[in-house]
Every structure is written in C-alpha cells, then in structure tokens.
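Structural overview for review
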Protein chains: 2
Amino acid sequence: MADFLTSQTEDFSRWYTEIVQKADLADYSPVRGCMVIKPYGYTLWERIRDELDQRFKETGHVNAYFPLFIPMSFLEKESDHIEGFSPELAVVTHGGGSELEEPLVVRPTSETIIGHMYAKWIQSYRDLPLLINQWANVVRWEMRTRLFLRTTEFLWQEGHTAHATKKEAEEETLRILDLYTDFAMNEAAIPVLAGRKSDSEKFAGAVDSYTIEAMMKDGRALQAGTSHFLGRNFAEAFDIQFLDENNARQYVWTTSWGISTRMVGAVVMTHGDDQGLVLPPRLAPIQVVIVPIWRKDEERSAVLEVAQQIQQRLNGLVRVELDSREEVSPGWKFNDWEMRGVPVRIEIGPRDIAKQNVMLARRDMPGREGKTLIPMAELETQIPTLLETVQAAIYKKALDFRDSHLQEVDTYAEFREALEIGFVRAWWAGSTEDEAAIKDETKATLRCIPVDQPGGTGTCVYTGKPATEMAIFGKAY
Amino acid sequence: MADFLTSQTEDFSRWYTEIVQKADLADYSPVRGCMVIKPYGYTLWERIRDELDQRFKETGHVNAYFPLFIPMSFLEKESDHIEGFSPELAVVTHGGGSELEEPLVVRPTSETIIGHMYAKWIQSYRDLPLLINQWANVVRWEMRTRLFLRTTEFLWQEGHTAHATKKEAEEETLRILDLYTDFAMNEAAIPVLAGRKSDSEKFAGAVDSYTIEAMMKDGRALQAGTSHFLGRNFAEAFDIQFLDENNARQYVWTTSWGISTRMVGAVVMTHGDDQGLVLPPRLAPIQVVIVPIWRKDEERSAVLEVAQQIQQRLNGLVRVELDSREEVSPGWKFNDWEMRGVPVRIEIGPRDIAKQNVMLARRDMPGREGKTLIPMAELETQIPTLLETVQAAIYKKALDFRDSHLQEVDTYAEFREALEIGFVRAWWAGSTEDEAAIKDETKATLRCIPVDQPGGTGTCVYTGKPATEMAIFGKAY
C-alpha cells in the first residue's frame, strides 16, 4: 500500500480527493467551487472529448457555439426549467461599468438560448432534423462541491436536436443513450446500466430523461451521462415551428443530452486502487512509460540510448514517455507512474540489453504475475496487443465488481440490507412520494428503470402493488 | 457578380456582414454583442484550433483549464492590467440566490488567475519552464461589435508560460510569434507582418507586445494574433518565485499569447470576393464538393451512382461532400458552393461518364481558366495536388495585394496619401503623443515595428528626428 495515500477501505472519499490532486488531475482554485484542471487531467478530458466527438460526427451531428450569457427572461419561458435551475444560477448584473437593464444568467445549460435560435433557423421540414452539439463550460452554483464530480463551473458537451416527429426525437434520445453506453464500456472501460429516470429525478423541462449509471468502488452510483426527450416543451416555449410536407405549421420535437468532466471522476473511482489511478489504455494520456535502470554511472549512457531507441520505435504507435530523470531512483519512478495510472511500464537495464529483452509490467496487475519478459524485437507487436488486453481486463474487473455488488431482492428488508453493499434491483410500482420516503429511510434513490427489462410482472418491493418494471436503487454521488 | 450580395467595392463592410451570415458562418444572438457560431463557421474554427494545437504540442506546450470567474481583487493586483481591462468587465454579483461577498469578473484574459496558481505550483527551477495553453471563452464588454472581429464573448487560446530567465521568456515570446506567422501563412494563406507594438498599443501589463498584422481587402489592418513578454510584472504581483540552482529565491519571467475566433474574420476578409467566401483548402470545412448533373430523369440514377463512387474514393483523402439535392438546379448549386468558398468543385454528367472524365472547377479562378477536364482514374492523384496549388495561389494573390497596397514613404504628405491605399512603411522616432496626433489627423495607428528591419538609419516621417527603426502604419479594424 502506498504510504502517501489514504487507502480506499479506510476512507474512500478521502482517497479520491487525495489521488485527484497527487496525480495532478486537478487542483482547487481560489474561486468558490471552481477547480483548475491540470495538464494531466485535461489531457484525459481531451481523450474523452475526442472519442465522443468522433462518435457524434459519425452519427451526423455537427458542432456549433452559442453564447455564455442567457437573458433571465429566457429561462422563465419554460416553467419546470426555471423552477429546477433557479437556485443554481450565477447572475451578471454589471457590464462595461454600468448596471444591465436585464440581468444575464451564466448558462447552466443551453436549451433556452438554442431554442430561441432554432425558432429562427427552422422554417421547413427540409431543415430537419437539426443535429447540433456544443462543447462548452457551464455554471451551476452548487452548495457542496467535489473535484470533477460536482463543481460550480464544469466542462461538457450538450447536444440539442430538433425533429419533425415524436418518433424520430425518441429514437435520437435512445441512439445517444446507446452511444454513451458504448463510449463508457469501450473507451472508459466502465460498465453502465442504461435506463429511464423516474419523474422525480428527471431533467427540469424533460418529458423523459435517460441515464447511464455507473458503480464506483465504494458501491455508490454515479450518473455518468444523460439523454433527454423534451417533447414539445421547449418548442412551445420558444415557438419553434416548421412547415411540413403538406404546408401545415407544426411544432418540432426536441432532445438534449450531455456528458461532462464528471466522467474523469468516474474513471478515477471505477478503476483506481490503493496505489493510485488505473487508467484505461484507450483514454490514458500516457499509455506506456519507459524506465531505464542503471546501477553504475558508466552504464547510464548505454541504457539511456537503448531506452531512447525504444521510445522512437513506439512513438506514433502508442502514447509513450521516457522517464530519464536522474534525481530520482527507478523504484521511486515505478511508484510515481503507478500512482498516475500509466497502463504499461517498460523496464530496461544492462542485463536486459545484453540479452536483447525488455521487461513489461502491467499497472492493473501489480507484482510478479503482471510482469513479462519479451524480446526487444517484438515491442511493436506486443505492446499494442498488451494494451488491448489490459483494456479488456480492467473492464472485466469493473463488471465483476459491479455484478457482485448488485443484488436482486423481493422484500424491503432485503432491499435495505443490499443497499449496504451496492445496487439493488427490484420490482417497482411506487410513486414520487414513495421514492422520497425510501430516500429518507435509506439515503438511496431510484437510479434508473433499465432499458433492458426481464419481462413479466412482479410485486413492488415497497408498495406491494403489482409491477411491470424493475428498477435500480443505490446511494448516489 | 452575385446579386444576393453587396459587392466589395460598393460597401466592403456591408459585404462582410452579409457574407458571414449568408454563408452560415455566424448569426446574431439575442444577447448584446454576443454571436452564435454556426456549424460551418465552427468547423472552420475547429480546423484553426487543431492546426494551432498541434503546433503548440510540437513545441512542448500542454493544455489545461482555469476557472471562468476571477475575483475582482486579483485583477487589481497589476495596476496597468486593471486600468486596461476595467472598462470592459462583465461582473457576477449574485450566485445561488445570494449576493456575493466579493464580485466575480468573467475572465477577459487569465494572467491573474493563472498567476495565482503558478505561485502555488512553481517551487524550484526544476518546475521551469512551465508551458501551458488554455482553449477558452473570454468576455470583454465592447461598445461596438462585429461578427468574429469584435464580440463581447469570443473563443480563443491563451498561452501562459513561466521561465527561469529573462532570455528564455523573450525567446518564448518570439518563438510563438514565429509559430503564429507560420500558421497564418501556411494554413490561413494570410501574409502577415510580424513586429513589436508601440507602448500605446501594447497589452495592459506587458513589457513588450508582439503582433501579426494582416491586410484586409479594403486595405485596412487586422491584428490577427499577439504574443506578450510580461517581464516580472505578474510574477511580482502574484509572488511567483522559485529556488534556483544555487538555492536562491527569484521571481520567474512570464509570457502570454493568443489567437481568437477573430482569425475566422481575417480569413473571410483576406480571400473573399463578390461571389462570397474563398477558403484556403487547408482550413476549409469542405475541400471538394461533387455536383451531379442530369437533364432527363432517366439519367439521374446513373449519374448519382458514379458521383457516390467518386465520393467514396475521395473520402478520407480529402474533406468531400456530395450535393445530391433534387429541389435545386446544378447552376444554383454552383453559386451556393461558390458562396460558401469550397475550393474545388467536381462536375459530373452523362457525357463525362461516357468518356470517363470529370470536370474540376477552382473557386479561386472563376470562369473557363479555372476549369480542367481530367480522367476519372486520376482523381486520387490530381485532387490533392490541385488543393495544394489552390492553397499556394490564394496565398500568392493575398501577398501581391498586400505588397501593392503597402508603400514606403519619406514625407508626411506622402504618408497621408499612401494611407488612402493601405499600409505605410516609414522611418519612425515619434512618441506616444505623436502617435495620438497622427491618429487624430489620419485615423491611422502604428500597427507594428517589424521584426525584420532594413538596417541603417533614416529620418522620422513625422518628427524629422533621426530614426533607427521603420514602422508600419495603417487604419485598423
């Protein structure tokens, strides 16, 4: 166990806050609730952004940019929306030395300003569907903040689409849910449960909200992305109408969906261990680190030379870094790069060079079993394969953990007990009030009603009423 | 001449505002001075961003993200800085329903908040140089705004570096100036004059400001990027110190530098003509558009099939789009894509298919001379080469225009006359007051003292004093 880091079992929350700072992912800022994303953390976010962006573009979406400031009156046009967001707003009252006639809100989300523009841009069915995404910063005045998980300002993407029919908008909502699920599984190596939010947990202004829910290593749930079917709520509030093929005026149907820098926190809390971060190779800023080892000074230049050759051979093939620092020992470097979660380490010393071998060490498998000696000639073939192996292994590990901490229960007594371990799956036919009562009694919330249902019927775990759907409950971040 | 567009000679300013909107680069927003960057304009910005970002990373810089909000007291720590920016600030006074104890400024630039963090992060000479860049939105409360050129909110990158020695910081300032020059020439096809700003035009808080100055098609100057040597001004204001190799405490030397969405406006006004945009191939969102041509309905499917084959062959090689719309004619499409500045058009009709030819038409060379009939088999080789030819040609055109509108003068009478045409180069030994007088008399400002000087000495065009440097003057945006 690393002595510089609180262990996960001792205090998971403290472990998280410590590792985020020690691994140089983020730092506190002098501005209440706002964080600084440090270069290592930002590079991880860039990888997340690039992978999502590519998927958005492949599914026909384009990027645009809308103003940071929104007139207060815009937010008031959709009643649920303003009710949900009004406690969280940051308000600009002065500009250029004068008081503004109408206060401007710093966007907490952009449905309203984008709705206003869509009303101007959309005239005919030929303008639909309109599939736009925005990468932006947003501000929500949060009372209790945590690095990446809940900050006053955060970075995200927000997709906003408009469609001619309800069916198309619903399909888009679920297409994005699938896209998010695919991203979480295949890039972040995070197994997620995709499902519908209950009325009490849905987005302010949505008809239906969908979510991907991940389990952190302390058994708690993290909402990692959401996709909303907004019906005609914003179309009516902002008068977004089009002429259909029969020349009749109709309101459009809209969706919105987002993933934020919170995803960085999800990666940390899904895979990390007592030695620090464990990063999935596909998102890791550095995939392979080369640590040269020498005992005597006269060995140094020969070892460094080979290490540099290895770096050059791998450059472009994988994201590789050579740690040639002289002021710290190889052992110190091992710990340092383990703490930073680099998936694969290459060790190279005089004896390896003599035998034309290198030692590979896996971050996800500490100790001897994660080490392999390979011929230097096979670096270009073995390293990419090993990275894929690691990616699959950490996904499998996270999936096994999630599945062993998710219990299906029939009674409320079992329900309460299972919540101490992790997630609960149960038949559900309760109301918003029932959900509130459960939250009071257990601190757990309804995380989602999974898209994948077993079929059939059952008895609601809380009300005893007949139920047609199962729901997932958990204590959440 | 396009009848939907004001001609450049009639009213250049109106031409600009019209084409930016008609070509779907940007739109006005309901928020005073803020624009919406539409997908086509945003894709152009993404290309600019990616090209710059790659150059930053190749020169050892990393990206990070700092808070949008800055405590008002931070800006007041550097006296020139607050004096320069205070008339332009947007101020958040309320958050989460309460009035804030200290108002927060929406960042107009981030020297102060980054300076605060650097003081925390930098301890030893081993932490230097610190080379960080940020992609972000900033807000400056401008009185008169124009799409892309001057907006209340804009997107930009801001680099902030800290160094152990003055020499290193000065070298960084000029390295970035070179990088910007290289980007402007080779990607945006914009010839620029790189030089030092006079004291009256430099950045608020800088020791020296450097700029790249471009000439728009109306002969006016546009400052397209700036790089500042900040000396120890911010290091002293924020107490950024390090222990040097002799264990002595020293202040660091810092730089900052930025290019913004204004660059999109520079591209429009450097290359555009009366038919609309002319985009440099290296930045164009769409490099090649395929327009299928058929007269009779029975020709349609055969032509479309070949057009799709061509698209597939070029996909991945260049950014290509097939315009298969049926509700508009080929002639209408030609005008539409010319207006949007797509560098190369491929025309394909039944006769071309019969002969296995396609017609290529260059946007930068309207009419017959820009058209070439090539064998279909040569598409993959000819198209990339043609795009390079177009890139070089529009740079050459812009350079010839700039050079023919830049005159070297000896007397103030010549100086005033030459300003009616474009830029003026003259020996200069004037003061800040002399610059102000020239601005009153001619509306022109000192754009820069070029890095490349002829050497020798001369007589100042305004004061008659002996001068060792030549300066560039022009009327500016």
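Provided above is the structure to which this section pertains.
From a predicted model like this one, the values you see are computed outputs, not experimental measurements.

1. Quick word on the interface of chain B and chain A
- Facing the 41 residues of chain B at the interface are 41 residues of chain A.
- Counting residues per element, the side of chain B that touches chain A draws most heavily on strand 5 (residues 90-95) of chain B, at six residues.
- Residues that form the side of chain B that touches chain A fall into these classes: 26 nonpolar, ten polar and five charged.
- In the sheet, strand 5 (residues 90-95) of chain A pairs with strand 5 of chain B via five bridges, with the strands oriented antiparallel.

2. Considerations on the relation of the copies chain B and chain A
- For the match of chain B to chain A, the screw axis carries a shift of 0.0 Å, the RMSD comes to 0.0 Å, and the turn is 180 degrees. In the structure described here, the two chain copies are related by an operation that fits a two-fold rotation axis. Minimal C-alpha separation from the rotation axis in chain B is found for Val92 of chain B, amounting to 2.1 Å.
- Most of the interface of chain B is mirrored in chain A: 100% of its interface residues are interface residues there too.

3. Some details on the sheet that holds strand 16 (residues 320-322) of chain A
Residues and elements named next belong to chain A.
- The strand order across the open sheet built from five strands is 16-15-17-18-19, with neighbouring strands paired in mixed fashion. Each edge of the open sheet is held by one strand with a lone partner, namely strand 16 and strand 19 (371-375). Each strand of the sheet is rotated relative to its neighbour by a mean of 25 degrees, with strand direction disregarded.
- Relative to strand 18 (residues 357-362), strand 17 (residues 344-348) runs antiparallel, the two being bridged by four bridges. Residue pairing for strand 18: Val344 is matched across the bridge by Arg362.
- Helix 9 (residues 297-314) contacts strand 15 (288-292), strand 16, strand 17 and strand 18 of the sheet and is inclined by roughly 165 degrees relative to strand 15.

4. Re the sheet that holds strand 17 (residues 344-348) of chain B
Residue and element names in this part refer to chain B.
- Taking strand neighbours across the sheet as the criterion, the five strands line up as 16-15-17-18-19 in an open arrangement whose pairing is mixed. Either end of the sheet is taken by a strand with one partner, and the two such strands are strand 16 (320-322) and strand 19 (371-375). Taken over all neighbouring pairs, the strand axes of this sheet differ in orientation by 25 degrees on average, direction set aside.
- The pairing of strand 15 (residues 288-292) with strand 17 spans five bridges and is classified as parallel. Residue pairing across strands places Pro292 opposite Ile348, the latter belonging to strand 17.
- With respect to the sheet, helix 9 (residues 297-314) is in contact with strand 15, strand 16, strand 17 and strand 18 (357-362), its orientation differing from that of strand 15 by roughly 165 degrees.

5. A few points about the packing of helix 9 of chain A against helix 12 (residues 379-404) of chain A
Residue and element names in this part refer to chain A.
- Axis separation between helix 9 and helix 12 bottoms out at 10 Å; the angle between their running directions is 65 degrees. Relative to helix 12, the element helix 9 lies roughly perpendicular. Where helix 9 crosses over helix 12, the two elements pack in a sense that is right-handed. Touching Ile310, Arg313 and Leu314 of helix 9 are Leu379, Glu380 and Ile383, all from helix 12.
- Among the residues making up the contact of helix 9 with helix 12, the classes are represented as four nonpolar, no polar and two charged.

6. Things to note about helix 6 (residues 166-186) of chain A
All names here are of chain A.
- Here helix 6 spans 30 Å end to end across 21 residues, near enough to the 30 Å set by a 1.5 Å rise per residue.
- Within the sequence span of helix 6, burial applies to Ala169, Glu172, Thr173, Ile176, Leu177, Leu179, Tyr180, Thr181, Phe183 and Ala184.
- If you follow the buried residues of helix 6, they end up packed against helix 2 (39-58), strand 8 (153-163), strand 9 (192-196), strand 10 (208-215), strand 11 (221-229) and strand 14 (253-260).

7. As for the pairing of strand 6 (residues 98-106) of chain B
Residues and elements named next belong to chain B.
- Alignment of strand 4 (residues 69-71) against strand 6, held across three bridges, turns out to be antiparallel. Across the sheet, Ile70 pairs through a bridge with Val105, a residue of strand 6.
- Strand direction decides the pairing type here: strand 5 and strand 6, joined by four bridges, are antiparallel. Within the sheet, the bridge partner assigned to His94 lies in strand 6 and is Glu99.
- Once strand 5 ends, the chain turns through two residues before running back antiparallel as strand 6, passing Gly96 with a positive phi of about 55 degrees.

Parameters at a glance
- Residues numbered from 1 in each chain as written.
- Chains lettered and ligands numbered in written order.
- Predicted model: local features only at pLDDT ≥ 70, side-chain atom pairs only at ≥ 80, totals over all residues.
- Contact = placed C-beta atoms within 7 Å.
- Helix = DSSP H or I, 4+ residues; strand = E, 2+ residues; numbered from the N terminus.
- Nonpolar A, V, L, I, M, F, W, Y, C, P; charged D, E, K, R; others polar.
- Pairing = 2+ DSSP bridges.
- Least-squares fit on C-alpha atoms with pLDDT ≥ 70 in both.
- Axes fitted to C-alpha atoms, helices over the stretch in contact; angles between N-to-C directions.
- Parallel < 35°, antiparallel > 145°, perpendicular 65-115°, else oblique.
- Left-handed = near helix turned anticlockwise from the far one by under 90°.
- Expected span 1.5 Å × (residues − 1).
- Buried ≥ 20, exposed ≤ 12 C-beta atoms within 10 Å, placed from the backbone.

Everything listed here is a matter of coordinates, which is why it stays silent on function.
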